[in-house]
Amino acid sequence: MEISALLVATLLIALLVVFVVFRTVRIVPQARARNVERLGRYSRTLQPGLNFVIPFIDRVYPAIDLREQVVSFQPQPVITEDNLVVEIDTVLYFQVTDPRAAAYEIASYIQGVEQLTVTTLRNVVGSMDLEQTLTSRDTINSQLRGVLDEATGKWGIRVNRVEIKAIDPPRTIKDAMEKQMRAERDKRAVILGAEGQRQSQILTAEGDKQAAVLRAEGNRTARILKAEGEAKAIEAVFQAVHRNDPDPKLLAYQYLQTLPQLAQGPNNTFFVIPSEVTAALSGVSRAFAEALPKSPATRQPTDDLTAEAAAEVARATDAAAEAVADAAEAESPGRHPAHG
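Computed from a prediction, not measured in an experiment: that's the story for all the values here.

Caption draft 1: Representation of the packing of aromatic side chains in the model. Under the criterion given, the structure shown has three aromatic pairs. An angle of 70° between the planes, with centres 5.6 Å apart, marks the rings of Tyr42 and Tyr104 as edge-to-face. Residue Tyr42 is found in strand 3 (residues 41-46), and its partner Tyr104 is found in helix 2 (residues 99-104); the two are separated by 62 residues along the sequence. Tyr104 sits in the partly exposed class, given a relative accessible area of 35%. Arranged with centres 6.1 Å apart and planes meeting at 75°, the rings of Phe94 and Tyr109 form a pair that is edge-to-face. Remark: Tyr109 occurs in helix 3 (residues 109-125) and Phe94 occurs in strand 9 (residues 85-96); sequence separation between them is 15 residues. Per residue, the accessibility class of Phe94 equals that of Tyr109, and both read buried. Just above the ring of Tyr42 sits the side chain of Arg100; from NZ or CZ to the centre is 5.4 Å.

Written out as C-alpha cells, the structure reads:
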C-alpha cells in the first residue's frame, strides 16, 4: 500500500517536472518573434532559437511573422474628381520590423493598414479625373506607399510596395470607352489605308515618270541613230556621186526613170517638169545616137551596151510622156502644169 502511494507520488512529481520544463523552454522558429509579459507587463521579445522563461510568471504571446507579407484588400468604391464611382482593388506588401510596436501600438495592424489604405486611396484618387486615374497607376502607387510608410512606422511596420490590382469604372463608362476605342481604331485604320493609297499612287506616278523618261530617252536615241544612219547614207551617196562625176545627161536619165513612179501615186495629179529635163532629154538622145560621153558614170566597154542604153532611154522617154499626159488629164481645169 505504501509502495503504491509512493509510486503515484513519484509519477505526479515527474509529470509536474515535465510540465514545468515544457512551460520553461520555448523554441521560436526562424523569422518569427514572440513577446513575453511578466506579471502583465512587457518584459522582452523572444528571438528565434531556444529560449527560457519563468513558468506561471512569464506569459508568452503567439508568434509574430517577420517575413514580408502580402495582403489583398477587397475592392473599394472611390469617387473621382469628375464624380464617377470606380472600384479599386489594391495589394499591399509590408513587413513587421518591431514586434513590440506591432503588438502594443495597435490592436490589429492588418485592419489598421487596410483602413489607412482605403482612406489614402480616396484622397489620392479624389483629386484625379477618370482618365488620369486609369493612366496614373504608378503615381497613385507611389503616393500611397509614401503615406502608408509614414503612418505605419510607429506601428513597427514597413510598407514596401502598394499595387493597384484593378480599376473598374461603371458599366456605362466601360461601354463609352469601348465605343471611343473602336472609333479610334477605325480612324487609325482609315488613316493607314489613306496613307497606303497615297504612297501607292506616289510610287505609281514615280514609276510612270521614270518609264516615260526612259521611253523618251529611247526614242531620242533611236531618232539620233536613225538620223546618223541617214546622214551617213546620204554622205555615202553624195561621195559616190562626186566620185563618179555624173554629167547632166545622166541626171536626166535618172529623172526619166523616176518619173513613172511619181505618176503612179493616187494623189499625184500635179507635178512639175523642170525645163532642164527637156533640154537634157534631147541631149541624151543625141548622146546615145552619136556616142557615149567619156564620163566615168556612163562609160561602157562595148557597142552592145550603147544600143541597150539608147533603147532604155527611149523607153523612159515614152513612159515620161505618157505620165505627163495622164497627169494633164487628171488635173482640175483651173490648174496647169508648170514648166520652168
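Caption draft 2: Seen up close, a nonpolar patch on the surface. Where nonpolar side chains cluster on the molecular surface, the patch consists of Leu16, Phe19, Leu39, Ile54, Phe56 and Ile57 and spans about 620 Å² of accessible area. Relative to the assigned elements, Phe19 resides in helix 1 (residues 2-24). Take Phe19: its relative accessible area is 37%, and that puts it in the partly exposed class.

Caption draft 3: Spotlight on empty space enclosed by the protein. In the structure shown here, the tally under the stated rule is two cavities of 30 Å³ or more. Approximately 40 Å³ is the volume found for the second largest cavity. Together, Phe73, Gln74, Gln76, Ile88, Thr90, Thr117, Val118 and Leu121 line the second largest cavity. Contributing elements (two or more residues each) for the lining of the second largest cavity: strand 9 and helix 3. Considering every element that reaches the lining of the second largest cavity, the biggest residue donor is helix 3, with three residues.

Caption draft 4: Examining the environment of Arg32 more closely. Mapped onto the secondary structure, Arg32 falls in strand 2 (residues 32-38). Of the residues examined, Arg32 reaches a relative accessible area of 22% and is grouped as partly exposed. Linking Arg32 and Leu66, residues 34 residues apart in sequence, is a C-alpha distance of 5.5 Å. When near neighbours in sequence (up to four residues on either side) are disregarded, Arg32 contacts Leu46, Pro48, Ala63, Ile64, Asp65, Leu66 and Arg67.

The rules behind each value
Residues numbered from 1 in each chain as written. Predicted model: local features only at pLDDT ≥ 70, side-chain atom pairs only at ≥ 80, totals over all residues. Heavy atoms only, no water. Phe/Tyr/Trp six-rings, centres within 6.5 Å; stacked < 30°, edge-to-face > 60°. Helix = DSSP H or I, 4+ residues; strand = E, 2+ residues; numbered from the N terminus. Buried < 20%, exposed > 50% of the residue type's maximum accessible area, 1.4 Å probe, protein only. Lys NZ or Arg CZ within 6 Å of the ring centre and 35° of its normal. Patch = residues over 30% accessible without salt bridge, like charges linked within 9 Å, V, L, I, M, F, W, Y side chains within 5 Å. Areas by Shrake-Rupley, 256 points an atom, 1.4 Å probe, with all protein chains shown as cover. Salt bridge = Lys/Arg side-chain N within 4 Å of Asp/Glu carboxyl O. 1 Å grid on protein atoms, 1.4 Å probe; cavity = no way out; pocket = protein on both sides within 12 Å on 5 of 7 lines; lining within 4 Å. Points joined across faces, edges and corners; volume = space filled by probe spheres on them. Contact = heavy atoms within 4.5 Å.

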